[in-house]
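# A look at the structure
Chain by chain, the residues:
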Amino acid sequence: MSSNRIEMIGICSEEEKPLLLDELLSIGATDVIPSYKAVYFSLPSYTLFYKIHFKIKTASKFLLILKRSRLQSPTESEITSLVSSIQWKNIFDPNRTFTVEGVPADRNQKGLSSNQISKAVRLAMQAKFLSSYGTAPKVDLKNPNLKFVAYLSSNNFILSVDTCGISLHKRGYRTGHHPCPIKETLASSILKILGYDGSTVLFDPFMGSGTFLIEAGCIAQHHYPLLERKESEFGFSYLNLFNQELFKKVKKQLKEEAQNQPSLIYGSDICSRYVKEAKENLAKSHLYLKNIHVKTDDFFSTQKPAPTGLMVSNLPYGERLSHDQSIDASFYKRVGDKLKKDFENWTIALLVAQDTPYKMIGLKPSSKYNFINGGIKVKLLIFEMYQGSKKTSKNKAS
Ligand SMILES: C[S@@+](CC[C@H](N)C(=O)[O-])C[C@H]1O[C@@H](n2cnc3c(N)ncnc32)[C@H](O)[C@@H]1O
């Protein structure tokens, strides 16, 4: 780790990588380089280091690079000598617990296995601590203070530490009963693609646990849910570089950015149990709730809440929701018919499972994006329901 440049890696899905790149560039990161399911970048200050953990919405975690090196011929002994060259006492205290995850990039090729990499790093670290302090940090596989990641791709070795601790998609507002909530980072990415900034009315008539509503509320109200996360739940709080005073100053500044925006947000769901859950999640979200309205309602008989607006919904997958009506071709046809009849002048964004008859919606999307949600391949379809531009050509979406 060089003293003046903070070198980091942001982890995300392949599909969300362009959004993460964009977020990093706009926050002031430099040397931003995309890689597989990751973005490498540098930060000029620790103020920005703390800020990214709150403000970046599309990364699932950040890793701080401690050492990167080209190995001659990757062997355990070469890893051992590299890890032993690190001044571990500058990095963390021996009374902390830790794990090391070995990540061989070329899993199918001959080379060191994940276990071999992690063991070599772990033993070298502990040996170095023992020789410097006479005591070594303990491994805790379940709940370690620090998680190190040792990545080996052919001859390139990168040792990093997870600065987030708990994954960043765990925003802290979810009470967790809904069987298939959308991942918070994906909901936020979709709102970013849609250019949502709080200036339009937003409606999710299939809201489930209310993830879109809460992520939209966070954008509209400049609220960063992880500001409520305990300091001890961030990995960086166990590193010697942790500056509690600066961390608190950054949090205070970001809290001051919050605005009680009058953005109107509406949500409904056919199932009253999920409406109750969405209300509980909203109550935990620290958002200003005066303009966020939720109710039990069937989409097929719902009224649009405003003459124009943005609908964003994750349609039921059927196979994961036992109480659902059958999610067959006729369901998608009815959705399309309802949109054509009652949602003129709205932008509609629907997340649908790829292997469903979603083309029966019968509208031509203006754009489409592929994602993975909870292991299911999904498509985001965007329809502009404006007068004159409404196209109803069946089976055009691919
Ligand atoms: C895939 S889930 C949405 C999950 C949600 N995005 C979240 O993050 O929790 C689809 C939701 O649609 C609801 N639903 C199914 N049919 C409906 C209908 N006809 N009208 C309104 N909601 C319906 C289900 O109860 C379910 O909660």
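Counting restarts for each chain, with residues numbered from 1 along the sequence as it is written. At least 70 in pLDDT is required for a residue's local features to be given in this predicted model, at least 80 for side-chain atom pairs to be given and counted, and no such filter applies to totals for whole chains, interfaces and linings, which use all residues. Note that the side-chain values use all heavy atoms of the structure and ignore hydrogens as well as water.

## Here's the deal with the packing of helix 2 (residues 46–55) against helix 7 (residues 244–256)
For any two helices packed against each other, the geometry comes down to the angle between their axes and how far apart the axes lie. Axes here mean lines fitted to C-alpha atoms, for a helix over just the part in contact, with angles spanning 0 to 180 degrees between N-to-C directions. What counts as a helix is a DSSP run of H or I of at least four residues, what counts as a strand is a run of E of at least two, and both are numbered from the N terminus. Packing of helix 2 against helix 7 leaves a shortest axis separation of 9 Å and a crossing angle of 50 degrees. The orientation of helix 2 with respect to helix 7, classified from their angle, is oblique. Taken as a pair, helix 2 and helix 7 cross one another with a handedness that is right-handed. For the pair helix 2 and helix 7, the contacting residues are Tyr 46, Thr 47, Tyr 50, Lys 51, Phe 54 and Lys 55 in the first and Leu 246, Phe 247, Val 250, Lys 251, Gln 253 and Leu 254 in the second. Looking at the contact of helix 2 with helix 7, its residues break down into seven nonpolar, two polar and three charged. In what follows, roughly perpendicular refers to angles from 65 to 115 degrees, roughly parallel to angles under 35, roughly antiparallel to angles over 145, and oblique to any angle outside these ranges. Helix crossings fall into two classes, left-handed where the near helix is turned counterclockwise from the far one by less than a right angle and right-handed where it is turned clockwise. Here, residues are in contact when the closest pair of their heavy atoms is within 4.5 Å. Residue type decides the class: Asp, Glu, Lys and Arg count as charged, Ala, Val, Leu, Ile, Met, Phe, Trp, Tyr, Cys and Pro as nonpolar, and the leftover types, Gly among them, as polar.

## Some words on the domain arrangement of the chain
The split into domains, and so the bounds of each, comes from an automatic or database assignment of domains. The domain architecture assigned to the chain consists of domain 1 (6–162) and domain 2 (184–225 + 251–384). The gap between the C-alpha centroids of domain 1 and domain 2 is 36 Å. When two components associate, each loses some accessible surface as probed by a 1.4 Å sphere; the sum of these losses over both components is called the buried area. Carbon and sulfur atoms supply 65% of the area buried between domain 1 and domain 2, which totals about 1,300 Å² over both sides. We count a salt bridge whenever a side-chain nitrogen from Lys or Arg sits within 4 Å of a carboxyl oxygen from Asp or Glu. Summed over the shared surface of domain 1 and domain 2, the number is two salt bridges. Salt-bridge contacts for Lys 55 lead to Glu 257; the nearest nitrogen and oxygen are separated by 3.5 Å. We define a polar contact as two N or O atoms separated by no more than 3.5 Å, with the added condition that, inside protein, one atom must be a possible hydrogen donor and the other a possible acceptor, whereas residues neighbouring each other in sequence contribute only through side-chain atom pairs. Linking domain 1 with domain 2 are two residue pairs in polar contact (both at pLDDT 80 or more). If you list the elements that add at least two residues to the side of domain 1 that touches domain 2, you get helix 1 (17–27) and helix 2. Here the residues of the side of domain 1 that touches domain 2 sort into three nonpolar, one polar and seven charged.

## Focus on the pattern of salt bridges
In the structure shown here, the tally under the stated rule is 15 salt bridges. A salt bridge links Glu 256 to Lys 252; the shortest N-O distance between them is 3.3 Å. Of this pair, Glu 256 and Lys 252 both sit in helix 7, four residues apart, which is roughly one turn of the helix. The network of salt bridges with shared partners includes Arg 5, Glu 7, Asp 31 and Arg 68.

## Comments concerning the side chain of Ser 268
Structurally, the position occupied by Ser 268 is in strand 10 (residues 265–269). In this structure Ser 268 touches Phe 203, Asp 204, Pro 205, Phe 206, Met 207, Lys 295 and Asp 297, once residues within four positions along its chain are discounted.

## Re the sheet that holds strand 12 (residues 309–314)
If you trace the seven strands from one edge of the open sheet to the other, you get 11-10-9-12-13-15-14, paired in mixed fashion. A single partner strand is all that each edge strand has here, and the edge strands are strand 11 (292–296) and strand 14 (367–373). Across the sheet, the axes of successive neighbouring strands diverge by a mean angle of 15 degrees, strand direction being ignored. Summarising the sheet, strand 14 and strand 15 (residues 376–384) pair through seven bridges and their orientation is antiparallel. The residue bridging Ile 372 from the neighbouring strand is Lys 377, located in strand 15. Docked against the sheet, helix 6 (residues 211–220) engages strand 9 (202–204), strand 10, strand 11 and strand 12, running at close to 170 degrees with respect to strand 10. Packed onto the sheet, helix 8 (residues 272–284) meets strand 10 and strand 11 and runs at close to 160 degrees relative to strand 11. When DSSP finds two or more bridges between two strands, those strands count as paired.

## Considerations on the sheet that holds strand 8 (residues 156–162)
In spatial order, the strands read 2-3-1-4-8-7-5-6; together these eight strands make up an open sheet with mixed pairing. This sheet does not close on itself; its edge strands, each paired only once, are strand 2 (30–35) and strand 6 (138–139). With two bridges connecting them, strand 5 (residues 97–104) and strand 6 associate as parallel partners. Residue pairing across strands places Thr 97 opposite Lys 138, the latter belonging to strand 6. Contacts from helix 1 reach strand 1 (6–11), strand 2 and strand 3 (38–43) within the one sheet, and its direction differs from that of strand 3 by about 5 degrees.

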